[in-house]
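Commentary on secondary and tertiary structure
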Amino acid sequence: MKPSDVLKPTKKTNHARLSEKELPELLRKIDSYDGQPLTRLALQLMALTFVRTGELIGTRWDEIDTIKREWRIPAERMKMKTPHIVPLSDQALAVLEEIRKLEADDVLLFPSERRDGKSMSNNTILYALYRLGYHSRMTGHGFRGIASTILHEQGFNHDHIELQLAHTQRDAVSAAYNHALYLEPRARMMQEWADYLDKLERNM
């Protein structure tokens, strides 16, 4: 008996995303985005952290620890329902500082423009990418695919990348341990990723 005889195949959704060659132009367009400043900052943070759109827009200030340089997303906000740690690069911390200066909300980083206690819509990210000229070519989720491809090509450890993408399905027993696994090398990887994006934008 083969595993495929008893296991249902997992459906994969192919999210539109750009190639590495197209990434520098996107980064420059994001930096010069002339819409709402909070939307620009959300796109910048998404590129730097490659979290899922829902995880990004629902971020609360109490999840951010600038001293430890960590963003700790609680289990209830994660797709896999286990906690997740995002090490924060120098560049991500700078974006967070810009968000703080806007004083948009005391609880949420990315509140709705209606200021109704809710976060901005998933569509805010998508429509911003449309506005930048990437309709049907790029989505918020596309940043995850781009980061995964490039980090693998650059020789980073597969397990570190997968943990940072929060791809691994984890049971409740191991969740509390695994979410903090390989934090030091993951932090180095996230800083190198941010430095790489800076270099791409400057030199291309």
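The numbering scheme is per chain: residues are counted from 1 as the chain's sequence reads. Side-chain atom pairs in this predicted model are given and counted only at pLDDT of 80 or more, local residue features only at pLDDT of at least 70, and totals for whole chains, interfaces and linings cover all residues. Heavy atoms throughout the structure, all of them, feed into the side-chain values; hydrogens and water do not.

Only protein atoms enter the calculation, which uses a 1 Å grid: trapped sets of points that fit a 1.4 Å probe without letting it out are cavities, open sets showing protein on both sides within 12 Å along at least five of seven lines are pockets, and any residue with an atom within 4 Å of a point is a lining residue. Grid points are joined across faces, edges and corners, and a volume is the space filled by probe spheres set on the points. Scanning the model with the defined rule gives 1 cavity of 30 Å³ or more in all. Counted as a void, the largest cavity has a volume near 30 Å³. Lining the largest cavity are L23, L27, A47, F143, I146, A147, W193 and L197. Helix and strand labels come from DSSP, where a helix needs a run of H or I of at least four residues and a strand needs a run of E of at least two; each type is numbered from the N terminus. For the lining of the largest cavity, the secondary structure elements donating two or more residues are α2 (23–31), α7 (142–153) and α10 (183–203). For the lining of the largest cavity, the element with the most residues is α7, which contributes 3 residues. Residues are grouped as follows: Ala, Val, Leu, Ile, Met, Phe, Trp, Tyr, Cys and Pro are nonpolar; Asp, Glu, Lys and Arg are charged; all remaining types, including Gly, are polar. Within the lining of the largest cavity, the residues separate by chemical class into 8 nonpolar, no polar and no charged.

On to the packing of helix α3 (residues 37–49) against helix α5 (residues 90–102). Angle between the axes and distance between the axes: these two values describe a pair of packed helices. Lines fitted to the C-alpha atoms define the axes, with helices restricted to the stretch that makes contact. Angles between their N-to-C directions range from 0 to 180 degrees. Two numbers describe how α3 lies on α5: the axes approach to 10 Å, and their chain directions differ by 160 degrees. As the angle between them shows, α3 and α5 are arranged roughly antiparallel. α3 and α5 meet at a crossing whose hand is left-handed. In contact with P37, L38, R40, L41, Q44, L45 and L48 of α3, α5 contributes Q91, A92, V95, L96, E98, I99 and L102. Considered class by class, the residues forming the contact of α3 with α5 number 10 nonpolar, 2 polar and 2 charged. Oblique is the label for any angle not under 35 degrees, not over 145, and not in the 65 to 115 range, which are roughly parallel, roughly antiparallel and roughly perpendicular in turn. Two helices that cross are described as forming a left-handed crossing if the nearer one is turned anticlockwise from the farther one by less than a right angle, and a right-handed crossing if clockwise. Whether two residues are in contact is decided by their heavy atoms: any pair within 4.5 Å suffices.

For the rest of this paragraph, the subject is the pairing of strand β2 (residues 70–73). Pairing between strands requires that DSSP locate at least two bridges from one strand to the other. Inspection of the sheet shows strand β1 (residues 64–65) paired to β2 by 2 bridges, in the antiparallel sense. Bridged to D65 within β2 is E70. Once β1 ends, the chain turns through 4 residues before running back antiparallel as β2, passing R69 with a positive phi of about 60 degrees. Across 4 bridges, the pairing between β2 and strand β3 (residues 84–87) is antiparallel. Looking across to β3, one finds that E70 is bridged to P87.

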